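# Analysis of the macromolecular model
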Amino acid sequence: MIKVPITESNPMVITAENALSVKEKMIKHFPKEPLYYVYMDHEQCFFEILVNDIPAFRYFQDGGIMSPVLLNNFIAKSGKQKITYRLYPQTTRENGEGFNTLTPYTRFNISLYSRDNVDSLTSFDKQIKILEHTSLKKEDGKTFIGAGLPYYEYTVEFNASVPYEQSPSLENALDLRTMNKELLEKKTLEAYTYFSKLITDKNKDQYFSLVFNSDMRQLQSEYYTPEHLKVNGMDDLFYFDTPSFKLEPLEGYAIKIYGEGKLVCLEHTSTDTRLKGRSSMWGKYNAEEGGVRVRFLRILLYIPKGKDSFEIW
C-alpha cells in the first residue's frame with residue numbers, strides 16, 4: 001500500500017456527493033451563538049492579521065477597508081485569544097510614491113465587536129464593543145512608534161465565550177518546530193504536490209474527504225445554516241467545474257510555521273504585493289465577465305500526535 005502525504009480522520013466516509021448532507025447533520029446550533037469580528041482603520045501601511053498565531057486576513061492594497069473580518073474560525077474554544085497585526089510599508093501606491101519603511105504617520109486601529117448570530121434581525125444594533133486599540137506612538141505623542149522600520153508587530157488579547165470546542169484540537173498536534181527543517185520542508189512540499197494533483201486530476205471524492213474536517217471547523221464556528229452550506233459547497237466545486245482553471249507550478253515558495261508551532265504551509269517569497277504572503281498553491285481561470293482571474297488555495301497542515309502524516313487543519 002502506497003503511503004500518502006495527507007490523510008484524514010473523518011467520522012465517516014466522505015465523498016463529493018455526501019459531504020454537504022453530512023455537514024448539515026453535524027452542525028449544531030445553540031440558544032446563543034456569539035460571533036467575534038474586527039474592523040480595521042489604517043494609514044500608510046499594508047497589514048496582516050493573525051488570530052492565535054494563525055493567518056486570518058491580509059491587505060496589500062491602496063485605500064481603506066470597510067468590511068469586518070470574522071474571527072470565529074480561529075477561536076478553538078472559550079478563553080483568552082490573541083490578535084496580532086503585522087504592519088509593512090506601503091511600497092506601492094496608486095497616487096504618489098511608495099515608502100520603503102513605515103512612516104511617522106503610519107496608523108493602525110482595531111475595533112473588536114461581538115454579536116449574537118441567533119438574533120439575525122437586530123444583532124448589529126445590539127453588538128458589543130469588546131476592545132478598541134490604536135497603534136502606539138513615540139514620546140512626542142504624534143509619531144508612530146515603528147517609524148523607520150521595515151516591519152512592525154503588536155499583539156492584543158481578549159476573552160471569548162463560545163458554545164463549541166473545535167475538534168480535532170491543535171492541542172493534540174505535534175510541535176513542528178522540533179522537526180528537522182529539511183525533512184519538514186520535504187514533507188510539506190510532498191503534501192502540497194499531492195493535493196495539487198488531486199485538483200488537476202479532478203479527484204473530487206479524495207479532495208472533499210481531505211478538507212472535510214477543515215470545512216466543518218469553520219462551518220460550526222460560524223454556525224452555518226443549510227442555505228449558507230449550499231453556497232459553500234458550490235465554492236468547493238469551483239476547482240472541478242471550471243474548465244479553464246489551471247494550477248500554476250509550485251515554485252518561489254518558503255516554508256512558514258504558524259499556530260504556535262503546530263501548523264505549516266508554503267507561501268510565496270515574491271515581494272510583489274499581489275503575491276506576498278499568499279499561498280504558493282494558486283491557479284488562473286477565465287472569468288465570465290472577461291479577463292483572467294486567479295485563486296489562491298491556502299492549506300494549513302498539522303500532524304496529530306501518534307501519527308506521522310499530515311492532516312489539513
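This one's a predicted model, so the numbers in the text were calculated from it and none came from an experiment.

## A word on helix α4 (residues 226-236)
For α4, every residue scored as buried is listed here: Leu-229, Asn-232, Gly-233 and Asp-236. All buried residues of α4 project into a common sector of 100° when viewed along the axis, lining one side. The exposed residues of α4 that point more than 90 degrees off its buried face are Glu-227, Lys-230, Val-231 and Met-234. Looking at the buried positions of α4, the neighbouring elements they touch are α1 (19-26), α3 (204-221) and α5 (238-241).

## Regarding the environment of Tyr-39
Counting through the fold element by element, Tyr-39 comes out in strand β1 (residues 34-43). Each C-alpha atom of the pair Tyr-39 and Met-66 lies 7.3 Å from the other, and the pair is 27 residues apart in sequence. Non-local contacts of Tyr-39, meaning those with residues more than four positions away in its chain, are made with Met-66, Ser-67, Pro-68, Asn-109, Ile-110, Ser-111, Tyr-113 and Phe-124.

## Concerning the sheet that holds strand β13 (residues 292-296)
By definition, the strands of a sheet pair up through backbone hydrogen bonds, in either a parallel or an antiparallel sense. Strand order across the open sheet formed by three strands is β9-β12-β13, with antiparallel pairing between neighbours. This sheet does not close on itself; its edge strands, each paired only once, are β9 (246-247) and β13. Note that β9 and strand β12 (residues 282-286) share two bridges and pair antiparallel. Each residue of the ladder has a partner; that of Lys-246, found in β12, is Lys-284.

Calculation criteria
Chains are numbered independently. Their residues run from 1 in the order of the written sequence. Only residues with pLDDT of 70 or above have their local features reported here, since the model is predicted, and side-chain atom pairs are shown and tallied only from 80 upward, although totals for entire chains, interfaces and linings are computed over all residues. The side-chain quantities take in all heavy atoms of the structure and omit both hydrogens and water. Any residue under 20% of the maximum accessible area for its type is buried, any over 50% is exposed, and the rest in between are partly exposed; the area is computed with a 1.4 Å probe on protein chains only. What counts as a helix is a DSSP run of H or I of at least four residues, what counts as a strand is a run of E of at least two, and both are numbered from the N terminus. The arc under discussion is defined with respect to the helix axis, by the directions toward the C-beta atoms. Throughout, a residue-residue contact means that at least one pair of heavy atoms, one from each residue, lies within 4.5 Å. Think of it this way: DSSP has to see at least two bridges between two strands before they count as a pair.

Fair warning: the whole summary comes from geometry, so function is off the table for now.
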